[in-house]
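Survey of secondary and tertiary structure
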Amino acid sequence: MARRNSLPEPIEAGLRGPLMLTWAGLWAERIARAFWPLWSLVAVVAGLLMVGMHDLVALSAVRTVAAIAGLCALWALYHGAARFRRPRRDEALSRIDRTLPGRPLAALADVQAVGAGDDASEDLWKAHQARMATRAATARAVEPDLRLARRDPFGLRYVALMLLVVGLLFGSVWRVGTVAQVAPRNGADLTTGPAWEGWVEPPAYTGLPSLYLNDLEDTVKAPEGSRVTLRLYGEAGALGVRETVSGRADDPADGAAQTGADQSFDIRRDGTLEISGAGGREWDVVVTPDRAPDVEIVQDGASTTFDGQMTQPFAARDDHGVTGGTAIFRLDLDNVDRRHGLAAEPDPREPIELDLPMPITGDRAEFTESLVENLSQHPWAHLPVTLELRVRDARDQAGRSEPRRMDLPARRFFDPLAAAVIEQRRDLLWSKSNGKRVTRVLRAVSHRPEEGLFRSETAYLRLRVILRRLDTLVRHDSLTDEAQEETAQALWDLAVLLEDGDIGDALERMRQAQERLSEAMRNGASDEEIAQLMQELRRATEDYLRQKQQQTARENGPEGGQQPPQDGMRMTQDDLQKMMDRIQELMEQGRMAEAEQALREFQQMMENMRVTEGQGQQGKSPGQDAMEGLADTLRQQQGLSDQAFRDLQEEFNPNAQAGESESNEGRDGGLGRGESHQRQPGTGSGDGRQPGDGAQGSLADRQEALRRELERQRGSMPGAGTEEGDAARDALDRAGRAMEGAEEALRGDDLAEALDQQSEAMDALREGMRNLGEAMADAQRRQQGGQGQARGQPGDQQSDPLGRTPGRGGQVGTRDSLLQGEDVYRRARELLDELRRRSGDGDRPDIELDYLQRLLDRF
């Protein structure tokens, strides 16, 4: 079949657009495949120039890289030109034709070779040409294939593209033009720009800006350590550098010209800097010294809080800012009073090092801060020490303060027993050799606990446990550093318990506050400590008065109250507050003797009040009798446990006679000493039994008697049928079983097992007493709820111990507190909620809403 040279005119006109695009795609495709190494090399070189890589390397390196890049570019150009084939129009037309079904463009270029002149054949040919023309009308441009993965398997073109993008983002296109300045220039070129450039960069920590040497006059002032950077242009050797500031040429050739194109050095001393040659300059360099930081202890403002927290102000300064500091406390052994427990050689301890606080914001060149720390538990508490402060700057230069002699600030204990425990803790931490002495002193201090030295049984029991453990460690020579720290921590906790107390009774808290305040005034405590103790006394007194007022309201009903004596003196709560204000005023004026006398009068008045309240009391309730009986049983069980412990000790020390061992305190001591709480004849437990009277019997017999007494108490205990009462009986039943186990262990001479069983018995007894107390309180609440709100006669009045009248029968209210009871705060919240609800009701009258708003503003 014959083919003509071109397509029909209408068809060719419709293909002009797709044909041109496809032809351009062919050009792009063949250029990319042939010259991708060339444009990749251009991208790499352009990226390096834009980031100024040519400014960071020597001139020789720039020339070498430029030569290599040029050779590579020539090879890439030759290689691309050899492989490049110019695309023709027919190739573009053929690519479009291959994308169409039936290749209509080739069919339209054909001419009819067979059947010419035959009408039927010509009609068929025309129909075929029309069908191909329709298909050719749908032709579209063909996308070029620009994939180069087969020709660049390592992805070098992407590396080049990445360098180009980095140069565009972080560099400058204008820096490409500076590459011409690297090459040597003739005299005409030198007249168009500087022959050299230089910069002086101060250290970063100074925060000072860089200096441009070309703009400076004859003198340059710069901090020590500043970096000088010089760049010399022109022919190699045409310019030189002479300097005497860096110390890099400390030899006979000092001051000789350096001819390198790029030079950098640090300023270390005063001297001169000269650029020799055409257009050179000379400067006198003056070094600004970076002085070491300075710190001093500020005397004013140093204080110690009531709980031992120290506040020590200090002032620091530096040319360019302080970066950090340390406070160092060292023991001043020469000024330590080497008596008693401090007479022994101290165990070696490292100085106390604390980081000094730095300002978070602002300038650190000069500032004042305060070191706040609590060192109350350190072994050197209240001992002579020296305080030295050290600070550093960015160059790691150090400055230090003059050592200050002082007693290490710490918490002060005013309770005599707590102070004794803290002193023995200090001796134990001072030297492990003091272990035996500490044990003896603590045993002597706690010899007679029944005389009121211990305010709670818990404190005494904890001291006994500490003594046992410490005695065992000392005897077996096993007082290690860890054991020493554990024992010291236990003694600290005990001292805090003795000082602060863990009781919830307001009366006892008030008595403790009075005694501690009196002790503080006698010992010359600081104003802050006395103020803290005075505030504690106020709170304890208020709690006590509030508790007694509630107790009076519960115990004395509207008809059963006692009338106060007509001639008795009445004290109001305002009167008590005025007395405490007077005491505080005397202390603030420094009149301690008068303040202490006023405090004694206050204590006497409160004691008389307690005596008056105790008069006229009726007999004890069955619940109180049961509680006291269980408490007595618990004390006797503790005595038996202590006796068993001493017998166990004597097994390991058979040479010691009874009562002569260091850990044996005799067999007729007080609380917790063997046969403790011995009863006099005729002081049995109600049924003729005397569990504590067992001097002639064995420990097992005495344990059996105590168990039988507990069974009797359990049978007669009130509160049956209530949840708390049943829980108390269950706890006492467990205590009885533990006592029985202790009895069997004692009969079998297994003292260790007996001690374990006795400990379980005491725990169960405490739980039973707690449950019994809850049962008694619940019964009292139910009794009060059943009595109702009966009215009294118009003339009847009820007064609390301070003479206040809670209310009168038939009257609307009282001049004193409107609410008395444990729900006062809940009721107050309910009233406030109701006020808020009503104030939000817009339908109420305006006068009522104004009144409600005034109430809310007030409360």
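See the structure above.
My aim in this report is to walk through the structure given alongside it, one point at a time. (Residues numbered from 1 in each chain as written. Predicted model: local features only at pLDDT ≥ 70, side-chain atom pairs only at ≥ 80, totals over all residues. Heavy atoms only, no water.)

Some thoughts on the overall build of the protein chain
Heads up, the condition is: To qualify as a helix, a DSSP run of H or I must reach at least 4 residues; to qualify as a strand, a run of E must reach at least 2; elements of each kind are numbered from the N terminus. Think of it in three bands: residues with accessible area under 20% of the maximum for their type are buried, residues over 50% are exposed, and the middle band is partly exposed, with areas taken using a 1.4 Å probe on protein chains only. Residue contacts are defined here by distance: any two heavy atoms, one from each residue, within 4.5 Å place the two residues in contact. Each accessible area is a Shrake-Rupley result for a 1.4 Å probe, and residues are judged covered by the shown protein chains and nothing else.
Looking only at helices and strands, the protein chain has 23 helices and 17 strands in total. Scored against the burial criterion, the 859 residues of the protein chain give a buried share of 39%. Pairs at least 24 residues apart make up 71% of the contacts formed inside the protein chain by residues separated by at least 6 positions. Roughly 47800 Å² of accessible area belongs to the protein chain as shown, and the carbon and sulfur atoms make up 50% of that amount.

Observations regarding the pattern of salt bridges
Counted only if it meets this: Take a side-chain nitrogen of Lys or Arg and a carboxyl oxygen of Asp or Glu: if they are within 4 Å of each other, that pair is a salt bridge.
This structure, assessed with the given rule, holds 40 salt bridges. A salt bridge links Glu743 to Arg747; its shortest N-O distance comes to 3.2 Å. Linking Glu743 with Arg747, this pair stays in helix H20 (residues 723–747), spanning 4 residues, or about one helical turn. What makes Glu743 buried here is its relative accessible area of 9%.

Section: the nonpolar core
This is how it is decided: By nonpolar core we mean a set of buried residues, namely Ala, Val, Leu, Ile, Met, Phe, Trp, Tyr and Cys, connected to one another through side-chain atoms within 4.5 Å.
Residues Leu710 and Leu765 are the most contacted members of the largest nonpolar core, which totals 29 residues. The set of elements that each furnish at least two residues to this core consists of helix H18 (622–652), helix H19 (699–715), H20 and helix H21 (751–787). With 9 residues, H21 is the single largest residue contributor to this core. Listed in part, the 26 residues of the second largest apolar core include Ile352, Leu356, Val385 and Met406.

Some points on the sheet that holds strand E4 (residues 227–232)
The strands that make up a sheet pair up through hydrogen bonds in the backbone, lying either parallel or antiparallel. Definition in use: Strands qualify as paired when DSSP identifies two bridges or more between them.
What the 4 strands build is an open sheet, ordered E2-E1-E4-E6; its pairing is antiparallel. Unpaired on one side and paired on the other, strand E2 (211–212) and strand E6 (262–266) mark the two borders of the sheet. Inspection of the sheet shows E4 paired to E6 by 5 bridges, in the antiparallel sense. What sits directly across from Val228, in E6, is Phe265.

A few points about helix H10 (residues 416–430)
Spelled out, the test is: Expected helix span is computed as 1.5 Å times (number of residues minus one).
Between its first and last C-alpha atoms H10 spans 21 Å; for 15 residues at 1.5 Å apiece the expected length is 21 Å, and the two agree. Most of H10 sits out of view: 11 of its 15 residues are buried. Taken as a whole, H10 has its buried residues at Leu417, Ala418, Ala420, Val421, Ile422, Gln424, Arg425, Asp427, Leu428, Leu429 and Trp430.

A word on unusual backbone geometry
At His340, a residue that is not glycine, the phi angle is positive and equals roughly 55°. Along the chain, the position of His340 falls in the loop between strand E12 (322–331) and strand E13 (352–355). The exposed category is assigned to His340, whose relative accessible area is 51%. Located in the positive-phi region is Asp749, a residue other than glycine, with phi close to 60°. Tracing the chain through its elements places Asp749 in the loop between H20 and H21.

Overview of the sheet that holds strand E7 (residues 271–276)
Worth spelling out the cut-off: Note on definitions: angles span 0 to 180 degrees between N-to-C directions of axes, and those axes are lines fitted to C-alpha atoms, for helices only across the stretch in contact.
With mixed pairing, 4 strands are arranged side by side in an open sheet as E3-E8-E7-E5. Only two strands of the sheet have a single partner each, and these edge strands are strand E3 (219–223) and strand E5 (240–243). Each strand axis lies, on average, 25° off the axis of its neighbour in the sheet, ignoring direction. In the sheet, E5 pairs with E7 via 4 bridges, with the strands oriented antiparallel.

A few points about the packing of aromatic side chains
For clarity, the cut-off: Centre distance within 6.5 Å is the pairing criterion for rings of Phe, Tyr and Trp, where only the six-membered ring of Trp is used; planes under 30 degrees apart are then read as stacked, over 60 as edge-to-face, and the remainder as tilted.
Scanning the model with the defined rule gives 6 aromatic pairs in all. Aromatic side chains Trp27 and Phe84 sit 5.7 Å apart centroid to centroid with 40° between the ring planes, which places their arrangement in the tilted category. One end of the pair, Trp27, is in helix H2 (residues 16–50); the other, Phe84, is in the loop between helix H3 (59–83) and helix H4 (89–98), with 57 residues separating them in the sequence. By relative accessible area, which is 18% here, Phe84 ends up buried. Taken together, a centroid distance of 5.7 Å and an interplanar angle of 80° make the contact between Trp196 and Trp283 edge-to-face. With a gap of 87 residues between them, Trp196 in strand E1 (residues 196–201) and Trp283 in strand E8 (residues 282–288) connect regions that are remote in the sequence. Chaining the aromatic ring pairs together yields one cluster made of Trp27, Phe35 and Phe84.

What about the side chain of Thr311?
Mapped onto the elements, Thr311 comes out in strand E11 (residues 309–317). When neighbours within four sequence positions are excluded, Thr311 is seen to be in contact with Gly301, Ala302, Ser303, Ser370, Leu371 and Val372.

Some remarks on helix H7 (residues 156–170)
Using the following cut-off: Directions pointing from the helix axis toward each C-beta atom define the arc.
Counted at 1.5 Å a residue, the expected span for H7 with its 15 residues is 21 Å, and the 21 Å between its end C-alpha atoms agrees. Among the residues making up H7, those that are buried are Arg157, Ala160 and Gly167. Projection of H7 onto a plane perpendicular to its axis shows the buried side chains occupying an angular sector of 85°, all on one side. With respect to the buried face of H7, the exposed residues turned more than 90 degrees away are Tyr158, Leu169 and Phe170.

Regarding the pairing of strand E15 (residues 384–393)
Counting buried positions along E15 yields 8 of 10 residues, so the element is predominantly enclosed. Note that E15 and strand E17 (residues 404–407) share 4 bridges and pair antiparallel. Its bridge partner lying in E17, Thr386 is registered against Arg405. Pairing geometry for E15 and strand E16 (residues 398–400), over 3 bridges, is antiparallel. Note that in E16 the partner of Val391 across the bridge is Gly399. Between E15 and E16, which pair antiparallel and follow one another directly, the connecting turn spans 4 residues, one of which, Asp396, has a positive phi of 65°.

Remarks on the packing of H19 against H20
Where we set the bar: Oblique is the label for every angle not falling under 35 degrees (roughly parallel), over 145 degrees (roughly antiparallel), or within 65 to 115 degrees (roughly perpendicular). Whether a crossing is left-handed or right-handed is set by the direction in which the near helix is turned from the far one by less than a right angle, anticlockwise for left-handed and clockwise for right-handed.
With their axes 9 Å apart at the nearest point, H19 and H20 run at an angle of 165° to one another. Considering the angle they form, H19 stands roughly antiparallel to H20. Classified by chirality, the crossing of H20 by H19 is left-handed. Where H19 abuts H20, its residues Leu699, Ala700, Asp701, Gln703, Glu704, Leu706, Arg707, Leu710 and Arg714 lie against Arg729, Leu732, Asp733, Ala735, Gly736, Met739, Glu740, Ala742, Glu743, Leu746 and Arg747.

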